[in-house]
Amino acid sequence: MWHKTQISELFGIKYPILSGPMGGGLSTPELLAAVSNAGGLGSFGAYTLDPDQILAAAQIIKTKTDKPYNINLWVSDVDASLIDYSATQIEEVKQLFKPYFDELSIPLPELDVNIPSRFLQQAEAIFEIRPAVFSFIFGIPPKEILDECRRMGIKTVGAATTIDEALALEEAKVDAIVAAGFEAGGHRPSFLRPAQDSLTGTFTLIQQLKASIKTPIIAAGGIADAKGIAAALTLGADAVQLGTAFLATNESNATPIHRAKLFSEESNYTVLSKSLTGRMGRLIRNRISDEIKQETAVLPFPLQSRLIGQLKTAALAQGKTDLINFWSGQNTVNLKHTRAAALMQALITETTNLYP
């Protein structure tokens, strides 16, 4: 009975399989519902949305599933360095990216450093929605928010890239902890030390956390099929979270070009880069990730996103895919499903076959 774990009991789900809460517009109610309706825990990444947009998304979700689901936010959604960031610094970084804008014949955008955090207002929307699970990355919410979640019966999940982060989350009394290995696609959710100093592999991290904490562990990073699920559970995880495998399905909001690249040989070559958003994340290697090195200055998050967002829009319109970053985890070799429901059924059936 591989699916009878602390996590499946805690979240009220049949199978301890979670979809990654892909933010930046990549999540959809349809993808969430497909996972939850199949007995897993569907997730919705909402860090870029204002509270009204989160409430509207929840209304759509309610029409598609009555099963437990997760909404994810970023505790730190604005870099602290943005407060004192000067116009001169912005101009210097913009000039580094100017050749790409020139190539697309578009002007460099005007950028405003006045970007307030929305996390506390977004959390109020979580209280109104009352999802079964509230997950978060890039830090730990204030005690008052976690206490309110407990009072409302909302289970809380934080993400750790190191033992120290897991210990901090356990001290805050979260209900579960995602062991976010460096193989995972998307942002590295490190919050105690820089991301480049927090690069532990998933299977090592599971074992480190299992030896150090009592909180249930959700393994994430490099897991895309039943063998990965079996391996993670064998090493001590109570559940798994798959991102790239669900990103590749038609229910995600990834562009057709993005999904095609996940199924191509290009996805065998991923890198960790700050070039897309200002925070380190794993994506398919391209010109910008090669030319904007780790030591190259980029704008703080989310100002870098606002710079690159306009470049991405123009590049897509002009078919310049070598100028577009596409998120991806390291393990895409066995991706084959384009429908989320079919992927879930395969994961369940094949994992069951591994546990006769």
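Sequence positions are assigned chain by chain, starting from 1 and proceeding in written order. Confidence filtering applies because this is a predicted model: local features only for residues at pLDDT of at least 70, side-chain atom pairs given and counted only at 80 or more, and all residues used for totals across whole chains, interfaces and linings. Excluded from the side-chain calculations are hydrogens and water; all other atoms, namely the structure's heavy atoms, are used.

1. Digging into the sheet that holds strand 7 (residues 186-187)
On the basis of which strands lie adjacent, the open sheet formed by 3 strands has the order 7-11-10 and antiparallel pairing. Of all strands in the sheet, those bounded by a partner on one side alone are strand 7 and strand 10 (270-273). When DSSP locates at least two bridges between a pair of strands, those strands are taken to pair. Secondary structure elements follow DSSP: runs of H or I of four or more residues count as helices, runs of E of two or more count as strands, with numbering from the N terminus. Pairing geometry for strand 10 and strand 11 (residues 281-284), over 4 bridges, is antiparallel. Directly across from threonine 270, in strand 11, lies its bridge partner isoleucine 284.

2. Section: the environment of isoleucine 257
Along the chain, isoleucine 257 falls in helix 11 (residues 256-262). The cut-offs for exposure are 20% and 50% of the maximum accessible area for each residue type, with area from a 1.4 Å probe on protein chains only; residues under the lower value are buried, those over the upper are exposed, and the others partly exposed. By relative accessible area, which is 33% here, isoleucine 257 ends up partly exposed. When the C-alpha positions of isoleucine 257 and proline 302 are compared, they lie 24 Å apart, and in sequence the two are 45 residues distant. Any two residues having at least one pair of non-hydrogen atoms within 4.5 Å are treated as being in contact. Every residue in contact with isoleucine 257, bar those within four places of it in the chain, is listed here: Leu316, Thr321 and Phe326.

3. Things to note about the layout of surface pockets
Considered as a void within the structure, the second largest pocket measures approximately 370 Å³ in volume. Lining the second largest pocket are 19 residues, and of these Ala195, Gln196, Gly278, Arg279 and Met280 lie nearest its centre. When its residues are assigned to classes, the lining of the second largest pocket shows 8 nonpolar, 6 polar and 5 charged. Throughout, the protein atoms alone are placed on a 1 Å grid, and a set of points is a cavity if a 1.4 Å probe fits but cannot get out or a pocket if it is open with protein on both sides within 12 Å along at least five of seven lines; lining residues have an atom within 4 Å of a point. Grid points are joined across faces, edges and corners, and a volume is the space filled by probe spheres set on the points. Each residue receives one of three labels: charged for Asp, Glu, Lys and Arg, nonpolar for Ala, Val, Leu, Ile, Met, Phe, Trp, Tyr, Cys and Pro, and polar for the others, Gly being one of them.

4. Looking at unusual backbone geometry
In this structure, proline 302 follows phenylalanine 301 across a cis peptide bond, with omega equal to 0°. Here proline 302 lies in the loop between helix 12 (287-291) and helix 13 (303-318). One non-glycine residue, serine 105, adopts positive backbone phi at about 60°. With respect to the helices, strands and loops of the structure, serine 105 is situated in the loop between helix 4 (87-103) and helix 5 (119-129). A positive phi angle is found at phenylalanine 138, which is not glycine, with a value near 60°. Within the element layout of this structure, phenylalanine 138 appears in the loop between strand 4 (133-137) and helix 6 (143-152).

5. A word on the side chain of arginine 279
Inspection of the secondary structure puts arginine 279 in the loop between strand 10 and strand 11. On the basis of relative accessible area, arginine 279 is assigned to the buried category, the value being 8%. A polar atom in the side chain of arginine 279 sits 2.8 Å from the side chain of aspartate 79. Residues in contact with arginine 279, not counting those within four places in the same chain, are Trp74, Ser76, Asp77, Val78, Asp79, Phe138, His187, Ser273, Lys274 and Phe301. Counting of polar contacts relies on pairs of N or O atoms within 3.5 Å, with two restrictions inside protein: one atom must be capable of donating a hydrogen and the other of accepting it, and residues adjacent in sequence are counted only when both atoms are side-chain atoms.

6. Here we look at the nonpolar core
Residues belong to a common nonpolar core when they are buried Ala, Val, Leu, Ile, Met, Phe, Trp, Tyr or Cys residues joined through side-chain atoms within 4.5 Å. By size, the foremost hydrophobic cluster in this structure holds 58 residues, and its most contacted members are Ile17, Phe97, Leu242, Phe246 and Leu299. Residue assignment for this core shows that the elements contributing at least two residues are helix 2 (29-37), helix 4, helix 9 (226-234), strand 9 (239-242), helix 10 (244-247), strand 11, helix 13 and helix 14 (340-354). It is helix 13 that provides the largest number of residues to this core, a total of 6 residues. Sequence-distant contacts of isoleucine 17, defined by excluding residues within four places in its chain, comprise Trp2, Val35, Gly40, Leu41, Ile229, Val240, Leu242, Met344, Leu347 and Ile348. One finds Ala58, Ile129, Ile145 and Ala166 within the second-largest nonpolar core, a separate group that totals 35 residues.

7. Details of the pattern of salt bridges
Side chains carrying opposite charge are able to pair once their charged atoms draw close together. Take a side-chain nitrogen of Lys or Arg and a carboxyl oxygen of Asp or Glu: if they are within 4 Å of each other, that pair is a salt bridge. Going through the model one piece at a time under the given rule, you end up with 15 salt bridges. Measuring nitrogen to oxygen at the nearest pair gives 2.7 Å for the salt bridge that ties glutamate 148 to arginine 151. Of this pair, glutamate 148 and arginine 151 both sit in helix 6, 3 residues apart, which is roughly one turn of that helix. For glutamate 148, a relative accessible area of 22% puts it in the partly exposed group. Residue classification places arginine 151 among the exposed residues on the basis of a relative accessible area of 58%. Each member of the salt-bridge network shares a partner with another, and the members are Glu103, Arg287, Glu291, Lys320 and Asp322.

8. A closer look at the packing of helix 4 against helix 13
Here helix 4 crosses helix 13 at 20°, and the two axes come no closer than 11 Å. Classified by the interaxial angle, the pair formed by helix 4 and helix 13 is roughly parallel. Note that helix 4 runs across helix 13; the crossing there is right-handed. In contact with Ile90, Val93, Lys94, Phe97, Tyr100 and Phe101 of helix 4, helix 13 contributes Leu303, Gln304, Leu307, Ile308 and Leu311. Here the residues of the contact of helix 4 with helix 13 sort into 9 nonpolar, 1 polar and 1 charged. Helix axes are fitted only over the stretch in contact, all axes being lines through C-alpha atoms; the angle between N-to-C directions runs from 0 to 180 degrees. Just so you know how the angles are binned, under 35 degrees is roughly parallel, over 145 roughly antiparallel, 65 to 115 roughly perpendicular, and the rest oblique. We call a crossing left-handed when the near helix sits turned anticlockwise from the far one by less than a right angle, and right-handed when that turn is clockwise.

9. Some remarks on the environment of phenylalanine 203
Position of phenylalanine 203 among the secondary structure elements: in helix 8 (residues 202-212). Between the C-alpha atom of phenylalanine 203 and that of alanine 237, which follows or precedes it by 34 residues, the distance is 9.3 Å. In this view, phenylalanine 203 contacts Gly228, Ala231, Ala232 and Leu235; residues no more than four positions away in its chain are not counted.

10. Brief notes about the sheet that holds strand 8 (residues 217-220)
In space, the 8 strands of this open sheet follow the order 1-9-8-6-5-4-3-2, with parallel pairing throughout. Unpaired on one side and paired on the other, strand 1 (17-19) and strand 2 (42-45) mark the two borders of the sheet. Averaged over all adjacent pairs, the angle separating strand axes in this sheet is 25°, with direction ignored. Sheet analysis places strand 8 next to strand 9, joined by 3 bridges and oriented parallel. Note that in strand 9 the partner of alanine 219 across the bridge is valine 240.

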